[in-house]
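Chains, contacts and geometry: an overview
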Amino acid sequence: MEFSIAQIAAMLGGEVKGNGAEKINMLAKIQDAKKGQIAFLSNPKYEHFIYTTQASAVIVKKDFQARKEITSSLILVDDPYTSFTALLEEYHKVISFQKSGIEQPSFIGDGSATGTQIYRGAFSYIGNKVTIGDNVKIYPHVFIGDNVVIGNNTILHPNVKIYADSRIGNNCVIHAGAVIGSDGFGFAPQGDGSYKSIPQLGNVLIEDNVTIGANTVIDCATLFGDSTIVRRGVKLDNLIQIAHNVEIGKNTVIAAQTGISGSTKVGESVMIAGQVGIAGHLVIANRTQIGAQSGILKSPKEEGTQLNGSPAFDLKDHFRSYVIFKRLPELNDRLRELEKKTADLKAVNITPGNNGQ
Amino acid sequence: MEFSIAQIAAMLGGEVKGNGAEKINMLAKIQDAKKGQIAFLSNPKYEHFIYTTQASAVIVKKDFQARKEITSSLILVDDPYTSFTALLEEYHKVISFQKSGIEQPSFIGDGSATGTQIYRGAFSYIGNKVTIGDNVKIYPHVFIGDNVVIGNNTILHPNVKIYADSRIGNNCVIHAGAVIGSDGFGFAPQGDGSYKSIPQLGNVLIEDNVTIGANTVIDCATLFGDSTIVRRGVKLDNLIQIAHNVEIGKNTVIAAQTGISGSTKVGESVMIAGQVGIAGHLVIANRTQIGAQSGILKSPKEEGTQLNGSPAFDLKDHFRSYVIFKRLPELNDRLRELEKKTADLKAVNITPGNNGQ
Amino acid sequence: MEFSIAQIAAMLGGEVKGNGAEKINMLAKIQDAKKGQIAFLSNPKYEHFIYTTQASAVIVKKDFQARKEITSSLILVDDPYTSFTALLEEYHKVISFQKSGIEQPSFIGDGSATGTQIYRGAFSYIGNKVTIGDNVKIYPHVFIGDNVVIGNNTILHPNVKIYADSRIGNNCVIHAGAVIGSDGFGFAPQGDGSYKSIPQLGNVLIEDNVTIGANTVIDCATLFGDSTIVRRGVKLDNLIQIAHNVEIGKNTVIAAQTGISGSTKVGESVMIAGQVGIAGHLVIANRTQIGAQSGILKSPKEEGTQLNGSPAFDLKDHFRSYVIFKRLPELNDRLRELEKKTADLKAVNITPGNNGQ
């Protein structure tokens, strides 16, 4: 990226004060910025940096009044933070879109087809009969098994592994090391105490606009024709386990290291914090909210239920119980005290019967 | 796969009603099946689909009586579900065994030898002095370090990473992203508060018929000559942590995201649910059963113990305690009530002494 | 490695009894050792092995008195265990340093530079404008994104994935499958219930002497110019989640499967056990110790605090509460008993009023 300060000002609908012709090649924080870089000043408590920064340009509020000399050029805008963010997004897009073409060596099997504007990194592997849409970025060391279908604009970060027969939608982002479509954990006990693997013949279906975090694992469905399903707009963090035949509803968000057991159906717009465990064959109602480290053993049926604890129950009730849990030694002492007291009372108690003179 | 309906009927020991010569190239559910595909009907509640399905063939029970016209050919068998499953297994085998030969580029070091009927995917890496048995499938991006030995019929899914000196048995399946033989977590505290790494010189030994889930990690043993050991028939789910010098007994099954700390010996036929943590240097008796999210801090000595909670104790006792935990605010109220009551009583209590007129 | 017994004795400052010219090419345990191998005897209970071992040499204590004939040569030293360990470390170093040079195919982008004595494994990928120091080992399938900087003597095990712009220090060890610099989990809710990804523009900064376990994930910071920071000497185990903008202080040690949420600052010399969860935006004081499976929701402000439980509080208090938790059914029974007793008492209680004759 290299633009003149005037070009950047034009992009932002701002006004230049200073040398519009100077070139900018990087964004930086005002306290760190160097020549050739652009920064912004939004929070007044950072104002002193503007008098010492080496930034070639600083984006400031229209009505900014300098109290000392400033060596940087200024770009005057309505909202410097928003302008800087917009600039960052542009920069990020430029960076992301830089990757294109086919690096070598890379591998593509028989009968596979890719759309336009593809990036296929070195050492990426595409199996047989794979269909890949337009503008897909396949980073190095990605593995795509046979018969996989991938939509448009999807980004597969380095070393994503997609087993055969998986379906991935449009505009998905899958982070490094994620595994899609590994075998479900299904074994039939044998008479001698050993286990026989049950063939896992289903696949994984991921709809549009799904984000999947690094080293997260999504197992395939057990039966042929069935799918483990992640609906559109779902956001999965890192190191999550999604077992066979799970379905995750639209716009549900799940934080890191959570695990969902086989055949559970998670509703729409559910929010699940980190390190949660959900048992198998449950149905989680829409908009359920689950606190970190909770263990879900029963299906919450009412929408918007807030759960906490392991096993989990109502969040507020859990909080109330836990407050007392912390005081249990005190409760125990009070109970013991009462026992002593009532032991005395009992003795006394006998007296009235006796003293009914 | 392409067989005629008559050939499939012969495989299943069934009888054809219809066009035995028609070709089948895929299995499907009865409600989804298309021309060229075979489906089955077992559950009577799906019967209506058989009158509308486009399947070329449907497997039905011998005594099936059609109540309307059916356009598909039928294969009559004793148990349609079992027959369909058998067909699926065959299909799966055919698919799995399709992969063979050596894709390029792939890497094999000096002094390494592989058996017959090997698949070595593109970008797979085999170090020096590696020994690999017959019929082993090494998918793309697999890393096999120096001196590793791998038995027959083992499948290494994409990007399995096996550190130097590991031993893997026959008929194992290791899923994508699993790491075998990484350094144990051992550090010696130094005088200045820093830590020095203790060299990790042991290896990992995995016996026959072991399945290891995606992104699971098994660390090597600390001392030279020692091994972290996974005994025959063990089934490990995804994202599990097995620390240095752990031993896992025969036919033990461990669910996803569980972690076992260093030097713990897990017995045979133990069942460990998901997200369990087990402390170091414990001995877990055979057939112990551990509930999800439990934390094991003491060795269960009796076989077949059922444990739950963090820290864990007897499952039923934990359940009983937890029932009361949920009612703790009520208990607290009752206790307070009693305190009030007995406060009054005490006052009264004094009276009898006084009223002994 | 091949040295004569005499050479090894010289290295250890020991004295040879036997054939100093014989060659040694491997270390082994005394009970397993074969010809050409060296073992040691330290623990007297293993003494019987020295009379039957096939080891070419055994390291023994200076004052060792054989009670039977020994066929192995002996090396007499002050402390056989320490000597053997020293030998192992040497051996390990030799093994580690064996890897050097550039295996093909490997990929290096434009404008990237590497130092001297580099190992670049086959299928390793180095992006554009990457700077790599001296004596760095880059194993097969490692991915290094654009603009990454890596110091001297750092080891990247197979398939480590480092996103663009990350900074890695000197003497770091990163284990297989670890991900450095993946996107932080940040999404802005939209009016229609969907989420929009917030561009993640910061990076990850890892200082010197840091060890990172297999399949651990460290997300990048959110804002441009910000870093997720891992300070010098930090040791991270396997399968850990470090979210965006986290900072981990010097010499802190974290066990497997722990997760730290966004923007939390962990102090120096903190010890965190396995499967711990730490909420976002907290500050964890120096030398805090956190028990396994704990959930940290509040910032421990005092140095050296010991915490346990979920949510966590003082370790000893948690222990005391948990002891009573296990006895809750008994407490409940005692409470019920008191209620019965005081129900009677109440009846009696009325009597004194009545019996004031």
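If you're wondering where the values come from, they're calculated on a predicted model, not measured in any experiment.

1. A word on the overall build of chain A
Scanning chain A from terminus to terminus reveals four helices and 40 strands. Relative to its length of 357 residues, chain A is extended, with a C-alpha radius of gyration of 30 Å against a globular reference of 21 Å. Each of the three principal axes of chain A carries a C-alpha extent, and together these read 110 × 70 × 30 Å. The 357 residues of chain A split such that 52% are buried.

2. Here's the deal with the sheet that holds strand 18 (residues 161–162) of chain A
All names here are of chain A. Taken together, the 10 strands give an open sheet; going across it, the order is 9-12-15-18-21-26-29-32-35-38, and neighbouring strands pair in parallel fashion. On the outer flanks of this sheet lie strand 9 (107–108) and strand 38 (295–296), each paired with one strand and no other. Pairing of strand 32 (residues 259–260) with strand 35 (residues 277–278) involves two bridges; the strand directions are parallel. Residue pairing in the sheet places Gly259 in a bridge with Gly277 of strand 35.

3. Re the confidence of the model for chain A
Here chain A shows a mean pLDDT of 92. Residues at 70 or above account for 94%. Confidence metrics for the complex model read pTM 0.87 and ipTM 0.85.

4. Digging into helix 3 (residues 315–326) of chain C
All names here are of chain C. Helix length check: helix 3, at 12 residues, gives a terminal C-alpha distance of 17 Å against a target of 16 Å (1.5 Å per residue), a fit within 8%. Buried within helix 3 are the following residues: His318, Ser321, Ile324 and Phe325. Seen end-on, helix 3 carries its buried residues on one side only, within an arc spanning 125°. Residues of helix 3 that are exposed and angled more than 90 degrees away from the buried face: Lys316 and Val323.

5. Description of the interface of chain C and chain B
Between chain C and chain B, the residue contacts involve 52 residues of the former and 51 residues of the latter. Contributions of two or more residues to the side of chain C that touches chain B are made by helix 2 (80–98), helix 3 and helix 4 (328–354) of chain C. Here the side of chain C that touches chain B gets 11 residues from one element, more than from any other, and that element is helix 4 of chain C. Looking at the side of chain C that touches chain B, its residues break down into 23 nonpolar, 20 polar and nine charged.

6. Some details on the relation of the copies chain C and chain A
Mapping between the two copies of the chain is achieved by a rotation about an axis and a shift along the axis. The two copies are related by a screw motion: chain C maps onto chain A through a turn of 120° and a shift of 0.1 Å along the axis, at an RMSD of 0.2 Å. One copy is carried onto the other by what is essentially a three-fold rotation axis.

7. Quick look at the pairing of strand 7 (residues 73–77) of chain A
All names here are of chain A. Counting buried positions along strand 7 gives four out of five residues, so the element sits mostly inside the fold. By the bridge criterion, five bridges tie strand 6 (residues 57–61) to strand 7 in an arrangement that is parallel. The residue of strand 7 that forms the bridge with Val58 is Leu74.

8. A short note on the sheet that holds strand 15 (residues 143–144) of chain B
Residues and elements named next belong to chain B. The sheet built from 10 strands is open, its strands ordered 9-12-15-18-21-26-29-32-35-38 with parallel pairing. With one partner strand each, in any of the chains shown, strand 9 (107–108) and strand 38 (295–296) form the two edges of the open sheet. Sheet topology places strand 29 (residues 241–242) next to strand 32 (residues 259–260); two bridges connect them, and they run parallel. Bridging from a neighbouring strand, Ile242 pairs with Ile260 of strand 32.

9. Regarding unusual backbone geometry
Note that the residue after A:Gln104, namely A:Pro105, is joined by a cis bond; omega there is 0°. Within the secondary structure, A:Pro105 is located in the loop between strand 8 (101–102) and strand 9. Despite not being glycine, B:Asn215 has its phi angle at roughly 60°, a positive value. One can find B:Asn215 in the loop between strand 25 (211–212) and strand 26 (217–219). With 31 C-beta atoms packed within 10 Å, B:Asn215 lands in the buried category.

10. Structural notes on the interface of chain C and chain A
Across the boundary between the two partners, chain C contributes 51 residues, which contact 51 residues of chain A. Breaking the side of chain C that touches chain A down by element, the ones donating at least two residues are strand 21 (179–182), strand 23 (195–197), helix 3 and helix 4 of chain C. In terms of residue count, helix 4 of chain C provides more of the side of chain C that touches chain A than any other element does, 10 residues in total. The class makeup of the residues in the side of chain C that touches chain A is 26 nonpolar, 20 polar and five charged.

11. A word on helix 1 (residues 5–12) of chain A
Residues and elements named next belong to chain A. Taken together, the buried positions of helix 1 are Ile5, Ile8, Ala9 and Leu12. For helix 1, the angular spread of buried residues about the axis comes to 100°, placing them on one side. Immediately beyond the C-terminal end of helix 1, within one or two residues, lies Gly13, with a positive phi of roughly 65°.

12. Digging into the environment of C:Lys23
All names here are of chain C. Its location among the elements puts Lys23 in strand 3 (residues 23–24). A tally of 12 C-beta atoms within 10 Å means that Lys23 is categorised as exposed. Separated by 284 residues in the primary sequence, Lys23 and Leu307 place their C-alpha atoms 54 Å from one another. Setting aside residues no more than four positions away along its own chain, Lys23 makes contact with Glu2, Ser4 and Gly36.

13. Some words on the environment of C:Phe107
Position of C:Phe107 among the secondary structure elements: in strand 9 (residues 107–108). Residue C:Phe107 is classed as buried on the basis of its C-beta count, with 22 C-beta atoms lying within 10 Å. Separated by 14 residues in the primary sequence, C:Phe107 and C:Gly121 have C-alpha atoms spaced 9.8 Å apart. Those residues within four positions of C:Phe107 in sequence are excluded, and the remaining contacts are A:Glu103, A:Ala122, C:Tyr125 and C:Ile126.

14. Digging into the pairing of strand 5 (residues 37–40) of chain A
All names here are of chain A. Here strand 5 shows two buried faces, one formed by Gln37 and Ala39 and the other by Ile38 and Phe40. For strand 4 (residues 26–27) and strand 5, the ladder comprises two bridges, and the chain directions are parallel. Paired with Leu27 across the two strands is Ile38, which belongs to strand 5. As judged from the three bridges shared by strand 5 and strand 6, these two strands associate in the parallel manner. Residue Phe40 lies in a different strand from strand 6, and its bridge partner there is Ile59.

Cut-offs applied
- Residues numbered from 1 in each chain as written.
- Chains lettered and ligands numbered in written order.
- Predicted model: local features only at pLDDT ≥ 70, side-chain atom pairs only at ≥ 80, totals over all residues.
- Helix = DSSP H or I, 4+ residues; strand = E, 2+ residues; numbered from the N terminus.
- Rg over C-alpha atoms; globule rule 2.2 N^0.38 Å.
- Buried ≥ 20, exposed ≤ 12 C-beta atoms within 10 Å, placed from the backbone.
- Pairing = 2+ DSSP bridges.
- pLDDT = per-residue confidence, 0-100.
- Expected span 1.5 Å × (residues − 1).
- Arc of directions from axis to C-beta.
- Contact = placed C-beta atoms within 7 Å.
- Nonpolar A, V, L, I, M, F, W, Y, C, P; charged D, E, K, R; others polar.
- Least-squares fit on C-alpha atoms with pLDDT ≥ 70 in both.

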